[in-house]
Amino acid sequence: MKYKFGTALILSSSLLLSQSSFYVNAEEKSNEQTENTSKSISFEQAQKMNPKELTNLLTDEDLKLHNKVAEHQSTELETNRNTNEAYQNVNGYIDQNNIKPSAITQDTRMNSLPKYDYKSDKFIGVVIHETANPNSTIDEEINYMYNNYESAFVHAYAGSSKIVQTASSDYLAWGAGAKANPYFYQIELAQSSTFDQFAKSVNNQAYLTAKMLDQNGLKPSLADHNEGTGTVISHNVISQYYGGTDHTDPINYFSQWGYDMDQFYSLVQKHYNQLNEASDTVTGDTHTVASGDTLYNISQRSGVSVDNIKELNDLSSNDLTVGQVLKLK
Ligand SMILES: [Zn+2]
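Residues numbered from 1 in each chain as written. Predicted model: local features only at pLDDT ≥ 70, side-chain atom pairs only at ≥ 80, totals over all residues. Heavy atoms only, no water.

Caption draft 1: Spatial organisation of the packing of aromatic side chains. Inspection of every chain in the model, using the stated rule, returns 13 aromatic pairs. Residues Tyr118 and Phe123 carry aromatic rings whose centres are separated by 6.0 Å and whose planes lie at 65° to one another, so their mutual orientation is edge-to-face. Take Tyr118 and Phe123: they sit in the same class, and that class is buried. An angle of 50° between the planes, with centres 5.4 Å apart, marks the rings of Phe153 and Trp174 as tilted. Of the two residues, Phe153 is situated in the loop between α7 (138-147) and β3 (156-158) and Trp174 in the loop between β4 (163-165) and β5 (184-189); the sequence distance between them amounts to 21 residues. Pairwise contacts between aromatic rings join Phe198, Tyr253, Phe254, Trp257, Tyr259 and Phe264 into one cluster. (Phe/Tyr/Trp six-rings, centres within 6.5 Å; stacked < 30°, edge-to-face > 60°. Buried < 20%, exposed > 50% of the residue type's maximum accessible area, 1.4 Å probe, protein only. Helix = DSSP H or I, 4+ residues; strand = E, 2+ residues; numbered from the N terminus.)

Caption draft 2: Spotlight on the pattern of salt bridges. Inspection of every chain in the model, using the stated rule, returns seven salt bridges. In this structure, the salt-bridge partner of Lys119 is Asp62, at a minimum N-O distance of 2.8 Å. Linking Lys119 in the loop between β1 (104-106) and β2 (125-130) with Asp62 in helix α4 (residues 60-65), this pair joins segments that are 57 residues apart in sequence. Look at Lys119 and you get buried, because its relative accessible area is 2%. The partner of Lys270 in a salt bridge is Asp95, and the shortest N-O contact between them spans 2.9 Å. Of this pair, Lys270 sits in helix α11 (residues 261-275) while Asp95 sits in helix α6 (residues 90-96), and the two are 175 residues apart along the sequence. Judged by relative accessible area, Asp95 falls into the partly exposed class, the value being 47%. (Salt bridge = Lys/Arg side-chain N within 4 Å of Asp/Glu carboxyl O.)

Caption draft 3: Region of interest: the confidence of the model for the chain. Per-residue confidence for the chain averages 85 on the pLDDT scale, and 83% of its residues sit at or above 70. Across residues 1-36 the pLDDT falls below 50, and counting only partners more than four positions away or on other chains, this stretch makes 52 contacts in the model. A low-confidence stretch, residues 73-81 (pLDDT under 50), is modelled with 23 contacts involving residues beyond four sequence positions or located in other chains. (pLDDT = per-residue confidence, 0-100. Contact = heavy atoms within 4.5 Å.)

Caption draft 4: Up close: the environment of Tyr242. Positionally, Tyr242 belongs in the loop between α9 (235-241) and α10 (251-256). Each C-alpha atom of the pair Tyr242 and Glu227 lies 9.8 Å from the other, and the pair is 15 residues apart in sequence. Contacts of Tyr242, omitting those with residues within four sequence positions, involve Pro51, Leu54, Thr55, Lys179, Ala180, Phe184, Gly228, Ile233 and Val237.

Caption draft 5: Region of interest: the nonpolar core. Core analysis: the largest hydrophobic core is formed by 74 residues, its most contacted members being Phe184, Tyr185, Phe198, Val202, Val232, Phe254 and Phe264. Looking at which element gives the most residues to this core, the answer is helix α8 (residues 195-215), with ten residues. The residues contacting Phe254, other than those within four sequence positions of it, are Ile128, Leu189, Phe198, Val202, Gln205, Tyr259, Asp260, Met261 and Phe264. Of all hydrophobic cores here, the second largest spans nine residues; its members include Leu295, Ile298, Val304 and Leu315. (Core = buried A, V, L, I, M, F, W, Y, C linked by side-chain atoms within 4.5 Å.)

Caption draft 6: View of the sheet that holds β3. Spatial ordering of the open sheet is given by β1-β4-β3-β5-β2-β6, a layout of six strands whose pairing is mixed. Each edge of the open sheet carries a strand with a single partner, namely β1 and β6 (232-234). Going from strand to strand, the sheet's axes swing by 25° on average, the running direction of each strand aside. Relative to β4, β3 runs antiparallel, the two sharing three bridges. Within β4, the position partnered with Ala158 by the bridge is Ile163. Contacts from α7 reach β3 and β4 within the one sheet, and its direction differs from that of β3 by about 165°. Its contacts with the sheet place α11 against β2 and β6, and it is angled at close to 150° to β6. (Pairing = 2+ DSSP bridges. Axes fitted to C-alpha atoms, helices over the stretch in contact; angles between N-to-C directions.)

Caption draft 7: Seen up close, the pairing of β5. For β5, the buried fraction is high: six of the six residues fall into the buried class. Where burial is concerned, the two faces of β5 agree: the one with Phe184, Gln186 and Glu188 and the one with Tyr185, Ile187 and Leu189 are both buried. Sheet topology places β2 next to β5; six bridges connect them, and they run parallel. Within β5, the position partnered with Glu130 by the bridge is Leu189. Pairing of β3 with β5, which is carried by three bridges, proceeds in the parallel orientation.

See below:
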């Protein structure tokens, strides 16, 4: 694993003021990292391993360095909420009201976060969190995260009207403890106060989960009933099968709205299948990016590898824009 300096963008006067302290911290981390000789394993190997095998690969240095958990403990904070109210079926409500996912945006502050490689080259699944904070908005949660990133940070937040990517998917995040952080993409669900908002927010979280799996060449499978092996996993099941954390989210919060991980997983499958419907073969020298296209599915459809497409088009990230014309030869 290696540490790379983030490109700090000067976004505001407050960031400008904090710049000097950031570089001091980055320097310290860089020194710390030079002692870390831990080797990674391949993405393909990692996908075939169970939680015990994966955690056994982690060195003392890995465990020390990534021992961070996002600040939420759902069991304690939510006991005062009404859990007896009967709600209608969340997934049915999403279908009946034809609720569409919000656009995915990226917070440019992600460039200033620590950049540590995954143990498995790429992430092997997605951890489902919820913030356990009924009193703060998604924006407040995200601001808090950037102000306290040395304690914890996650890759993305889903709310009822937005999906915000807060850390690069190319590097690990600090949200689910030392044993799972080196392997997973991690998404927080911001809390809602109405059923309609909850349905929209969980639809956004499921959509981003499907999108990230698809983008990384992973198929959906639920880890929660499979002893922790699978590509969609609750923080609760990380605690049970990986360890290094004892949080139980998002189970209690989901259940307050009559929801559970099985229903969430079927929503992920719906989005994953929709993303893959546009699966016509791509031929010719160029391809114009359509809604739902990812580098991975264009690669599958054209037979040109993701790396080749990136090289031909001088792409430094996996992000595509609708209407963008990609060279394939
Ligand atoms: Zn969590």
